[in-house]
Amino acid sequence: MTTLTFDSLNPATGAVVGSHPKATPAAVHEAVGRAETAAAWWTALGHAERRRRLLDYKAVLTQHIRELAALVHEENGKPVGDATLELVLAVTHLDWAARNAAKVLGRRRVNTGMIGLNLAATLEYLPLGVVGVIGPWNYPVFTPMGSIAYALAAGNAVVFKPSELTPGIGVRLAELFRESVPEHDVFQTVTGLGETGAALAGDPRVKKVAFTGSTATAKRVMAACAENLTPIVAECGGKDAFIVDADADLAAAADACLWGAMSNAGQTCVGVERVYVVDAVYDGFMRELTGRAARLKAGEDYGPITMPGQVDVIKRHIDDAVKAGRTVTGGSDAVRAPYVDPVIVEDVPEDSPAVREETFGPTITVRRTRDAQEALELANASAYGLGGTIFSRNARRATELARLMRSGMTAINSVISFAGVPSLPFGGVGDSGFGRIHGADGLREFARPKAISRQRFAMPGMNITSFNRGPAELERLVRLVTFLHGRRKR
């Protein structure tokens, strides 16, 4: 029987980077079966042995960092420097997950309280089994590794379905893992199109799915998972806001804003898309921003649009913004597929697609606000809630704005910095998804809590969980509870 294949293309040139199998539902079924066997073995190794092997895998990835960066560049189109940065971040997260899994998930004693004085209680987090990871093309290493590394560290086996636009890097990540863990298929990659991902999400032996992609696709994945009540962690799109307060360092803010909006050709879920600037510093900020944007070159400072179909979305948003607002940089002619030059448009209405919908291109809308409070209200008036940024010299004020921003993560006087802190959870609210990867929350996302209580001795005169319980024992219980909890607080 002939195996059907598909090609991975260089988005800048259209050249074929590699050909990969279209994994059928039967092939996915077989991979999950191998993963089930591997999961039992991997779980039995225990935290210490898994830690050793994952740290070895980290070393293997680091030794191949130039090779992997070149492959990301070929498949995704981003500059090699940006691909290298992505790999460095993935390595640091793998290191953190491996080193902290035992501390976060391991068994520990918990307080039983006065009512449970005769009990001993423990809590631990046990592996789920097989975890399915469906990854994106915009950060084909860093983003899926945020699920893969944490799921592996938690004791699970992983079946990874990479984007059909960047399958080669997904295959290579699993190949290199076998150098550290050759005994079983603890980490496998299955390549293919939508049918492959649907088969993975719909397999009842998959105990959790980690998905990264658009909100619309997340809903379809959730529908497949619902058939088996398979839980899902979903990191979807974003329309992240960037607030510049009246006391901000304007040069630093403009520099960060431009990189957050234009790096990776704007194809970043937590990239800057909406900018709100307090009136007192608006003109100064725009001078800084436009001066820097004028020196930016598509095809040099950032790469092409990776997904051809996205070009039409970007053009539609640009055309809408240009009609409704005032063009500062770029315009409708900025789209030169597969490249898009930087686009900055002012005064775009808040109800326009360019402000409400995820663009996923090197474009930003900028709006003048009375003060930071109005900027915050506008920033929060979005269906999305992934990341965000505050620039202000007043640390207390910036922190309060960051706390009130409706987002899973907020950076202060930096952009997307939270992604580089392995101990911080990453995820969104609203149309940006739910659940968390990274940090202790990310480890617990791929484990199930196991609670155990053990009676150490019988409680004299208070056997309340027995049909032999008498009125006197119940009275003692009521008196104890009244003593502990009956006093009102005034």
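Thresholds, definitions, all that
Sequence order as written defines residue numbering, which begins from 1 separately in each chain. For this predicted model, a pLDDT threshold of at least 70 governs which residues receive local features, and a threshold of 80 or more governs which side-chain atom pairs are given and counted, while totals over whole chains, interfaces and linings are taken from all residues. Only hydrogens and water are set aside when side-chain values are computed; all heavy atoms of the structure are taken into account. Think of it this way: any DSSP run of H or I at least four residues long counts as a helix, any run of E at least two long counts as a strand, and we number them from the N terminus. Burial classes follow relative accessibility: with a 1.4 Å probe on protein chains only, a residue under 20% of its type's maximum area counts as buried, one over 50% as exposed, and anything between as partly exposed. Here a residue-residue contact requires only that any non-hydrogen atoms of the pair lie within 4.5 Å. The Shrake-Rupley method, run with a 1.4 Å probe sphere, supplies the accessible areas, and residue values consider only the shown protein chains as cover. Think of it this way: Lys and Arg go in the positive column, Asp and Glu in the negative one, and His and the chain ends go nowhere. Here the site of a charge means atom NZ of a Lys, CZ of an Arg, CG of an Asp or CD of a Glu. Any two strands with at least two DSSP bridges between them are considered paired. What a helix should span is 1.5 Å times the count of its residues minus one. Throughout, an axis means a line fitted to C-alpha atoms (over the contacting stretch in the case of helices), and angles, computed between N-to-C directions, take values from 0 to 180 degrees. Note on angle classes: values under 35 degrees are labelled roughly parallel, values over 145 roughly antiparallel, values of 65 to 115 roughly perpendicular, and the remainder oblique. As a working rule, the residues Ala, Val, Leu, Ile, Met, Phe, Trp, Tyr, Cys and Pro are called nonpolar, Asp, Glu, Lys and Arg charged, and the rest polar, with Gly in that last group. What we call a nonpolar core is a set of buried Ala, Val, Leu, Ile, Met, Phe, Trp, Tyr and Cys residues that are connected through their side-chain atoms within 4.5 Å. Like charges are joined within 9 Å and nonpolar side chains (Val, Leu, Ile, Met, Phe, Trp, Tyr) within 5 Å, but only among residues with over 30% relative accessible area and no salt bridge; these make up the patches. Salt bridges are defined as contacts in which a side-chain nitrogen from Lys or Arg sits within 4 Å of a carboxyl oxygen from Asp or Glu. In protein, a polar contact means a hydrogen-donor-capable atom and an acceptor-capable atom, both N or O and within 3.5 Å, with residues adjacent in sequence counting only if both atoms are side-chain atoms; elsewhere, any N or O pair within 3.5 Å suffices. Here a crossing is called left-handed whenever its near helix is offset anticlockwise from the far helix by less than a right angle, and right-handed whenever the offset is clockwise. Orient the strands so they point away from the viewer; a crossover is then right-handed if the path from the first strand over the helix to the second runs clockwise. Any two of the Phe, Tyr and Trp rings considered here, Trp counted by its six-membered ring, make a pair once their centres fall within 6.5 Å; the pair's planes then place it as stacked at under 30 degrees, edge-to-face at over 60, or tilted in between. Put simply, a charge is over a ring when the Lys NZ or the Arg CZ is close to the ring centre, within 6 Å, and near the line of the ring normal, within 35 degrees.

> Looking at this model, I keep getting lost on the overall build of the protein. Mind explaining?
Broken down by element type, the protein carries 15 helices and 22 strands. On the principal axes, the C-alpha backbone points of the protein span a range of 85 × 70 × 40 Å. Sorting the 490 residues of the protein into buried and exposed places 53% on the buried side. A separation of at least 24 residues holds for 71% of the contacts in the protein among residues at least 6 apart in sequence. By element, 54% of the accessible surface of the protein is carried by carbon and sulfur atoms, the whole surface being about 21,400 Å². Averaging the positions of the 55 positive and the 52 negative side-chain charges in the protein gives two centres separated by 11 Å.

> Can you walk me through the pairing of strand β4 (residues 119-127) in this structure?
Regular strands place their side chains on alternate faces of the sheet. Of the strand pairs in this sheet, strand β3 (residues 108-110) and β4 are connected by three bridges, and their pairing is antiparallel. Note that in β4 the partner of Val110 across the bridge is Ala121. For β4 and strand β22 (residues 447-455), the ladder comprises nine bridges, and the chain directions are antiparallel. Note that in β22 the partner of Leu123 across the bridge is Ala451.

> Mind showing me how you'd approach helix α9 (residues 282-293) here?
Each α-helix turn comprises 3.6 residues. Residues three or four places apart therefore point the same way. If you check α9, its first and last C-alpha atoms are 16 Å apart, about what twelve residues at 1.5 Å a residue would give, namely 16 Å. Where the residues of α9 are buried, they touch β10 (240-244), α8 (250-262), β11 (272-278), β12 (326-329), β15 (343-346) and β16 (363-369).

> Hey, could you run me through the packing of helix α1 (residues 25-63) against helix α3 (residues 80-105) in this one?
It is at 9 Å that the axes of α1 and α3 come closest, and there the two elements cross at 175 degrees. With respect to α3, the axis of α1 lies roughly antiparallel. Of the residues in α3, those touching α1 at His47, Arg51, Leu54, Leu55, Tyr57, Lys58, Leu61 and Thr62 are Val91, Leu94, Asp95, Ala98, Arg99, Ala101, Ala102 and Leu105. Of the residues that constitute the contact of α1 with α3, the class distribution is ten nonpolar, two polar and four charged.

> Before we go on, may I ask you to explain the sheet that holds β4 in this structure?
Remark on secondary structure: sheet strands pair via backbone hydrogen bonds, oriented parallel or antiparallel. As summarised here, the arrangement of the three strands in space is β3-β4-β22, forming an open sheet in which the pairing is antiparallel. Looking at which strands have only one partner, the edges of the open sheet turn out to be β3 and β22. Pairs of neighbouring strands in the sheet enclose a mean axial angle of 30 degrees, with direction left out of account.

> Help me understand the nonpolar core, please; the structure alone is not making it clear to me.
Here is a general trend for soluble globular proteins: nonpolar side chains tend to be buried in one another's company. In terms of nonpolar packing, the biggest core is built from 75 residues, with Tyr57, Leu61, Leu152, Phe177, Phe187 and Leu443 touching the most fellow members. The element best represented in this core is α1, accounting for twelve residues. Counting residues in each nonpolar core, the second largest holds 70 residues, with Ala256, Met262, Ala321 and Val355 among its members.

> I tried to follow a nonpolar patch on the surface on my own but got confused; where do I start?
Residues Met114, Leu117 and Phe457 make up a contiguous nonpolar surface patch of roughly 270 Å² in combined accessible area. Looking at Leu117, the relative accessible area reads 41%, which means it is partly exposed.

> Is there a simple way to explain the side chain of Lys239 in this structure?
Note that Lys239 resides in the loop between β9 (232-235) and β10. Polar side-chain contacts of Lys239 include one of 2.5 Å to the backbone oxygen of Glu357. If near-sequence neighbours (up to four positions away) are discounted, Lys239 is found in contact with Glu273, Arg274, Ala354, Val355, Arg356, Glu357, Glu358, Thr359, Ser382 and Tyr384.

> Please clarify how the packing of helix α2 (residues 65-76) against α3 should be interpreted in this entry.
Pairs of packed helices are described in terms of their axes, by the angle between the two and the distance that separates them. Running from amino to carboxyl end, α2 crosses α3 at an angle of 125 degrees, the nearest separation of the two axes being 8 Å. The angle between α2 and α3 places the two elements in the oblique class. When the axes of α2 and α3 are compared, the crossing they make is right-handed. In this structure, α2 uses Ile65, Leu68, Ala69, Val72 and His73 to contact α3, whose residues at the interface are Val80, Ala83, Thr84, Glu86, Leu87 and Val88. Taken together, the residues of the contact of α2 with α3 break down into eight nonpolar, two polar and one charged.

> Before we go on, may I ask you to explain the pairing of β11 in this structure?
With seven of seven residues buried, β11 lies mostly within the body of the structure. For the crossover from β10 across α8 to β11, the handedness is right-handed. Summarising the sheet, β11 and β16 pair through five bridges and their orientation is parallel. Pairing of Tyr276 across the sheet is with Arg367, part of β16.

> Got a minute to help me understand the packing of aromatic side chains in this structure?
For any pair of aromatic rings, the description consists of the separation of the ring centres together with the inter-plane angle of the planes. The tally for this structure, following the rule as stated, stands at nine aromatic pairs. For the ring pair Trp41 and Trp42, a centre distance of 6.2 Å and an interplane angle of 35 degrees mean the geometry is tilted. Geometrically, the ring pair formed by Phe418 and Phe426 is tilted, given 6.3 Å between the ring centres and 50 degrees between the ring planes. For Phe418, a relative accessible area of 6% corresponds to the buried category. An aromatic cluster is defined as three or more aromatic residues linked by ring pairs; in this entry it consists of Trp41, Trp42, Tyr57, Phe160, Phe177 and Phe187. The lysine or arginine in question, Arg444, covers the ring of Tyr125, its NZ or CZ lying 5.6 Å from the ring centre. We note Arg487 situated over the ring of Phe483; from NZ or CZ to the ring centre the distance is 5.7 Å.

> How should helix α6 (residues 194-202) be read in this particular structure?
For α6, the set of buried residues is Thr196, Gly197, Ala199, Leu200 and Ala201. In the core, the buried residues of α6 are packed alongside α1, β5 (130-134), β6 (157-161), β8 (206-212) and α7 (215-226).

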